[in-house]
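Fold and geometry: a report
What follows is each chain in one-letter form.
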Amino acid sequence: MDEKEEEELDVTISNVVATFRTGCHLNLYAIACNGHNVIHRPERGTVTMQLRKPRVTANIWSSGKVICTGATSEQEAKMGARRIARCVQKLNFPVSFSAFKVVNVMVTSAMPFKISLIDFTKRNRPVTRYEPELHPAAMYTMRHPKATVRVFATGSVTIFGPSVANVTVAIQNIYPLLSACRRPA
């Protein structure tokens, strides 16, 4: 990858999803009645809690499992998860923050060129699926590093992986494959 082309890539972390456990069972009704910025969803069996800083939304189950979404970095996800745990702890639950794990990272990027999806699919046949009737993107699945890449004809690329490191390596690996399938301007 040329340094000039590498500078043109604008890579943005859109969402980091993390999970943790509180170490105790939770009374969702009590959290909904006494907590701030919460929505009780009894049909789903969860309470949704939102923070403003960092901008994180958490789904809380009565088992004590919590899923946090909306962070833009792994550090922000951990800070948001700890703040959620502290908010629940302040509602008189014996919370112990444990089993924190980042489970998914979503990154978006725009290539400085358009891509021929049919050519891309033919060149990378066993690991690429493109069904234009179902979805406008070609799906490229990487095993090492573990990541899934959605490639759009406009040059927009969305990458999903279990960590920021995996996604970074994935974008470096996918760029030469996409560059070989440039669509004439």
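- An unreviewed UniProt entry annotates the chain as (spotted green pufferfish) hypothetical protein of Tetraodon nigroviridis.
- As its UniProt record puts it under Subcellular location (unreviewed entry), the chain is described as follows: "Nucleus".
- As recorded by UniProt, the Sequence similarities (unreviewed entry) comment attached to the chain reads in full: "Belongs to the TBP family."

Quick notes on the domain arrangement of the chain
- If you check the domain split of the chain, you get domain 1 (18-103) and domain 2 (111-180).
- Computed from C-alpha coordinates alone, the two centres of domain 1 and domain 2 are separated by 33 Å.

Side note on the packing of aromatic side chains
- Applying the stated criterion to the full structure yields four aromatic pairs.
- Note on phenylalanine 113 and tyrosine 175: the rings are 6.0 Å apart at their centroids and 65° apart in plane angle, and the pair reads as edge-to-face. One end of the pair, phenylalanine 113, is in the loop between β6 (98-110) and α4 (117-123); the other, tyrosine 175, is in helix α5 (residues 164-179), with 62 residues separating them in the sequence.
- Here phenylalanine 113 falls in the buried class, since its relative accessible area comes to 8%.
- According to the relative accessible area criterion, tyrosine 175 is buried, its value standing at 2%.
- Chaining the aromatic ring pairs together yields one cluster made of Phe20, Phe97 and Phe100.

What about unusual backbone geometry?
- Put simply, lysine 53 and proline 54 share a cis peptide bond, and its omega is -5°.
- If you trace the backbone, proline 54 turns up in the loop between β3 (46-51) and β4 (56-61).
- The peptide bond linking histidine 144 to proline 145 adopts the cis configuration, its omega dihedral lying at 0°.
- Relative to the helices and strands, proline 145 is located in the loop between β8 (138-142) and β9 (147-151).

Calculation criteria
- Position labels on residues start from 1 in each chain and follow its written sequence.
- pLDDT decides what is reported in this predicted model: residues at 70 or higher carry local features, side-chain atom pairs at 80 or more are listed and counted, and totals for whole chains, interfaces and linings draw on all residues regardless.
- Side-chain numbers come from the whole structure's heavy atoms, not from hydrogens or water.
- UniProt positions are given in the numbering used here, feature names are shortened, and annotations may be inferred rather than shown by experiment.
- Note: domain ranges come from an automatic or database domain assignment.
- Each Phe, Tyr or Trp ring, with Trp reduced to its six-membered ring, pairs with another whose centre is within 6.5 Å; inter-plane angles below 30 degrees give stacked pairs, above 60 give edge-to-face pairs, and intermediate values give tilted ones.
- Helix numbers and strand numbers start at the N terminus; a helix is a DSSP run of H or I with at least 4 residues, a strand a run of E with at least 2.
- Summary of the burial criterion: residues with accessible area below 20% of their type's maximum are buried, those above 50% are exposed, and those between are partly exposed, where the area comes from a 1.4 Å probe applied to protein chains only.

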